[in-house]
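A closer look at the structure
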Amino acid sequence: MNYKVTVNGKEIEYVALIEKSRFSETEWSAIYAEIVKQNHPEVFERKKLDTDYIDAFGALIAFEERYEALLELLPQDEFSYAGTHPKWVADAVAENTLNKADVVCDVSDMLERCESLEELKNELLEYFEVK
């Protein structure tokens, strides 16, 4: 979800996969209050004066939303749902992430080994599993 709050005249927009999220404690508190208000308005109305409760509950909701947003980025359907064990997710990400140093080394070897541009092209297509 997308959350917008205004703190000290500054409008803040928060989404699950936000970058540059160096918010102050006051800004985080306002974000968490908005998260709880939008997701559980009945809880917000009952507990709005208990900022510690609202902050903790908002942080939990935000954490769940970030986790689900990250899962949606995974190409594997079997891992893209809430409740997936984090170890399985980490393993899937590691398995499907190229290590730049390894790739540079592998491509360098191909450049030395291949005698023609066509041979290099075929090696690269096979290496990156391009069909």
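Now for a look at the structure at hand. Predicted model, so just to flag it, every value in this text is computed and none were measured. (Residues numbered from 1 in each chain as written. Predicted model: local features only at pLDDT ≥ 70, side-chain atom pairs only at ≥ 80, totals over all residues. Heavy atoms only, no water.)

One can describe the packing of helix 5 (residues 100–113) onto helix 6 (residues 117–127) by two numbers: an axis separation of 9 Å at closest approach and a directional angle of 150 degrees. Viewed along their axes, helix 5 and helix 6 adopt a mutual orientation that is roughly antiparallel. Here the hand of the crossing between helix 5 and helix 6 comes out right-handed. For the pair helix 5 and helix 6, the contacting residues are D102, V103, D106, V107, M110, L111 and R113 in the first and E119, L120, E123, L124 and Y127 in the second. Considering only residue class, the contact of helix 5 with helix 6 consists of 7 nonpolar, no polar and 5 charged. (Axes fitted to C-alpha atoms, helices over the stretch in contact; angles between N-to-C directions. Helix = DSSP H or I, 4+ residues; strand = E, 2+ residues; numbered from the N terminus. Parallel < 35°, antiparallel > 145°, perpendicular 65-115°, else oblique. Left-handed = near helix turned anticlockwise from the far one by under 90°. Contact = heavy atoms within 4.5 Å. Nonpolar A, V, L, I, M, F, W, Y, C, P; charged D, E, K, R; others polar.)

Turning next to unusual backbone geometry. Phi angles above zero are rare outside glycine, and N8 is one such case at about 55 degrees. Along the chain, the position of N8 falls in the loop between strand 1 (2–7) and strand 2 (10–15). What makes N8 exposed here is its relative accessible area of 77%. Its identity as a non-glycine residue notwithstanding, E129 has a phi of 55 degrees, on the positive side. As for its placement among the helices and strands, E129 is situated in the segment after helix 6. (Buried < 20%, exposed > 50% of the residue type's maximum accessible area, 1.4 Å probe, protein only.)

Below, the discussion takes up helix 1 (residues 25–39). Between the first and last C-alpha of helix 1 there are 21 Å, a value that for 15 residues agrees with the 21 Å anticipated at 1.5 Å per step. What helix 1 keeps buried is the set E27, W28, I31, Y32, A33, E34, I35 and V36. Looking at the packing, one finds that the buried side of helix 1 touches strand 1, strand 2, helix 2 (41–47) and helix 3 (51–73). (Expected span 1.5 Å × (residues − 1).)

Under the counting rule described, the total for this entry stands at 6 aromatic pairs. Centroid distance F23 to W28: 5.1 Å. Interplanar angle 80 degrees. Geometry classified as edge-to-face. Looking at F23, the relative accessible area reads 17%, which means it is buried. Accessibility expressed as a relative area gives 19% for W28, which makes it buried. (Phe/Tyr/Trp six-rings, centres within 6.5 Å; stacked < 30°, edge-to-face > 60°.)

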